[in-house]
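Descriptive analysis of the structure
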Amino acid sequence: MNSISRRHIQLAVVLFALFALALLGSLLHLYNVFQTRADLLEKRENTFLLGRPFQRLQREVLNLSVIVASGTEGFTPANLQLQRDITASRFFDINTESTYRLLTPELLAILSESEAHWGNLQPDLQAYIDSGLTDQAHQQRLAQSLKQLELAVNKADSEYVVRQDRYGRELTQVEGQFLEAQILTTVLLVLAILLGATAVILQLRRSAVALQAANSTLLAGSIELDRINQELALASRLKSEFLATMSHELRTPLNDILGYSGLILLDMNEESKTKTMLSRIEASGKHLLQLINDILDISKIESGRMILANEPIELPLLVNSWVGRLKVLADAKGLEFHTMLDSHLPAMIEGDSERLTQIATNLLSNAIKFTDQGQVSLDLKRHDHEWIIEVQDTGKGIPADALEYIFDEFRQVDGSYQRVHGGTGLGLAIVRKLVHAMQGNIRVTSQLGQGSSFRVTLPLKPYPQEA
Ligand code: ADP
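Residues numbered from 1 in each chain as written. Predicted model: local features only at pLDDT ≥ 70, side-chain atom pairs only at ≥ 80, totals over all residues. Heavy atoms only, no water.

A word on the sheet that holds strand β6 (residues 441–447)
As a reminder, the rule being used: Strands were regarded as paired on the criterion that DSSP finds at least two bridges between them. Secondary structure follows DSSP: runs of H or I at least 4 residues long count as helices, runs of E at least 2 residues long count as strands, and numbering of each begins at the N terminus. Note on geometry: axes are lines fitted to C-alpha atoms, helical ones only across the stretch in contact, with angles between N-to-C directions running from 0 to 180 degrees.
On the basis of which strands lie adjacent, the open sheet formed by five strands has the order β2-β4-β5-β7-β6 and mixed pairing. If you trace the sheet from one side to the other, it starts and ends with β2 (336–341) and β6, each paired once. Neighbouring strand axes in the sheet, compared pairwise and without regard to direction, differ in orientation by 10° on average. Alignment of β2 against strand β4 (residues 375–383), held across six bridges, turns out to be parallel. Residue pairing in the sheet places H338 in a bridge with S377 of β4.

Set out below in structure tokens:
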């Protein structure tokens, strides 16, 4: 099957085209022979149609001759008169439109000659009738004239017999040709169909082979892809593990630095220049610590080392702790801070309070950070078997194209060094990873200059479990 080449198919197609052409020619020939045959059949039929009226005329002229020859021995003038009328009507038959239009020039000549004889013998015929079939002189002249008429009419006989014969012969010949053309056409038709089918089958087989080859390439590709994927997953896990360890190692000395600089600061007098510098060291140290904590969180989640707690949580207490932490920040910026806790929510739920706090405070601190006037609100609602943490603000909003990437690590709408707001660009990435780890989802809607709304939906696990 593999040896089917393009050339094989081309050969089959060329042969098919040749046979199709030959078939066309043969069909044309068949059509021509068919037409000739139909023509001959019609001519033969016409000759036959013509033969009959001439034969009748022949018979009546003969009858007339018999009556004239017999005279009063057997016939009366009335008999002769009747026979004359019958004969005249036979001439009339030939002259009817349907027969007349079929007459060949030869037959036309015969007809006019016969009519001339018929016209000439009328006076003698009338005189003979009038004599009561006794006038011998008229009888003889009439017999003579009738002989001539008979001879003229008899010519027609041979004329159409000859023609019928000729057409018959020609027809036999054409029938033979017709049969040959039929056989040739059928053979060519079968061959063309066979070659066409062969070309199609060859092409199909070739396509099947190509498809099989493509399939195996694809399979090989997907195996390779699988392998690369596994390597990538391993590399990513190693990276996260490395980051987690490194962050942990960095945190310990940094905490010492911060601790000692805090202690020194306490001991220093207010105006000291060193105190200002030390304060900057402490602020930078805190920022670094935040960054390290965020990286540590992300790495823990990614490397699968973060295990979510499943502890009973008193929801009102938890929310109060969030408000306590963040309301001061809102107040400092002169923003209103609204909280709403849906009464349909159970007072106790099961979950990881520390991680829930991380989600809520990240969203709330962003809301406060990016809002200069108006309000920030925190709504907790129940929705069937889920609960929702919604944080809304009336801040600067997020451009539509940025909604796609703000959840990616280190992505900020304003990523320039001159940006007004601080931050690591890891907050939302951590929020999304935590929400997904809790089998929930997060959606954001925002309008530039109007504000933003972050909506976290989580499965609700009341404690103790509701019936
Ligand atoms: P950052 O540490 O920069 O706040 P996040 O991951 O928390 O990092 O947020 C990423 C970016 O998303 C922010 O830098 C900010 O551009 C945008 N963003 C997040 N929350 C809001 C909000 N409430 N209003 C406007 N922009 C926001």
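Remarks on helix α4 (residues 105–130)
This is how the line gets drawn: Every helix has an expected span of 1.5 Å times one less than the residues it contains. A residue's bend is given by the angle between axes fitted to the 7 residues ending at it and the 7 residues starting at it. The classification of residues rests on relative accessible area computed with a 1.4 Å probe and restricted to protein chains. Under 20% of the type maximum is buried, over 50% is exposed, and intermediate values are partly exposed. Note on definitions: a residue-residue contact is assigned when non-hydrogen atoms from the two residues lie within 4.5 Å.
In this model, α4 (26 residues) spans 38 Å end to end at C-alpha, consistent with the 38 Å of a helix rising 1.5 Å per residue. In α4, a bend of some 40° at Q122 exceeds every other bend along the element, and P123, a proline, comes one to four places later. Listed in full, the buried residues belonging to α4 are L107, I110, L111, S114, H117, W118, L121, D124, L125, Y128 and I129. Packing partners of the buried residues in α4 comprise α1 (6–70), α2 (77–94), α3 (97–100) and α5 (136–267).

Section: the site of the ligand
Condition: We call a residue near a given molecule or strand whenever any one of its heavy atoms falls within 4 Å of it. Identification of polar contacts relies on pairs of N or O atoms within 3.5 Å, with a donor-acceptor requirement for protein atoms, meaning one able to donate a hydrogen and the other able to accept it, and with residues adjacent in sequence counted only if both atoms are side-chain atoms. Residue-level accessible areas treat just the shown protein chains as cover; the underlying method is Shrake-Rupley with a 1.4 Å probe. Under the scheme applied here, ten amino acids are nonpolar (Ala, Val, Leu, Ile, Met, Phe, Trp, Tyr, Cys and Pro), four are charged (Asp, Glu, Lys and Arg), and all others, including Gly, are polar.
Near the ligand, the surroundings consist of 19 residues, among which N366, D393, Q412, T424 and L428 are the closest. Within the contact set of the ligand, an oxygen atom lies 3.3 Å away from a backbone nitrogen or oxygen of G427. L428 is positioned such that a nitrogen or oxygen atom in its backbone is 2.8 Å from an oxygen atom of the ligand. Burial of the ligand by the surrounding chains reaches 95%, relative to a free accessible area of 530 Å². Looking at the shell around the ligand, the elements with two or more residues in it are α8 (353–369), α9 (427–437) and β7 (451–459). Counting residues per element, the shell around the ligand draws most heavily on α8, which supplies three residues. Class assignment for the residues of the shell around the ligand results in eight nonpolar, eight polar and three charged.

Some remarks on the nonpolar core
Generally speaking, soluble globular proteins have nonpolar side chains that are buried together. Quick note on the threshold: The definition of a nonpolar core used throughout is a set of buried Ala, Val, Leu, Ile, Met, Phe, Trp, Tyr and Cys residues joined through side-chain atoms within 4.5 Å.
Core analysis: the biggest nonpolar cluster contains 47 residues, and W322, L363, W387 and F454 have the highest contact counts within it. Counting only elements with at least two residues in this core, the list comes to α6 (273–302), α7 (315–332), α8, β4, β5 (386–393), α9, β6 and β7. Counting residues in each nonpolar core, the second largest holds 27 residues, with L111, L142, L149 and A156 among its members.

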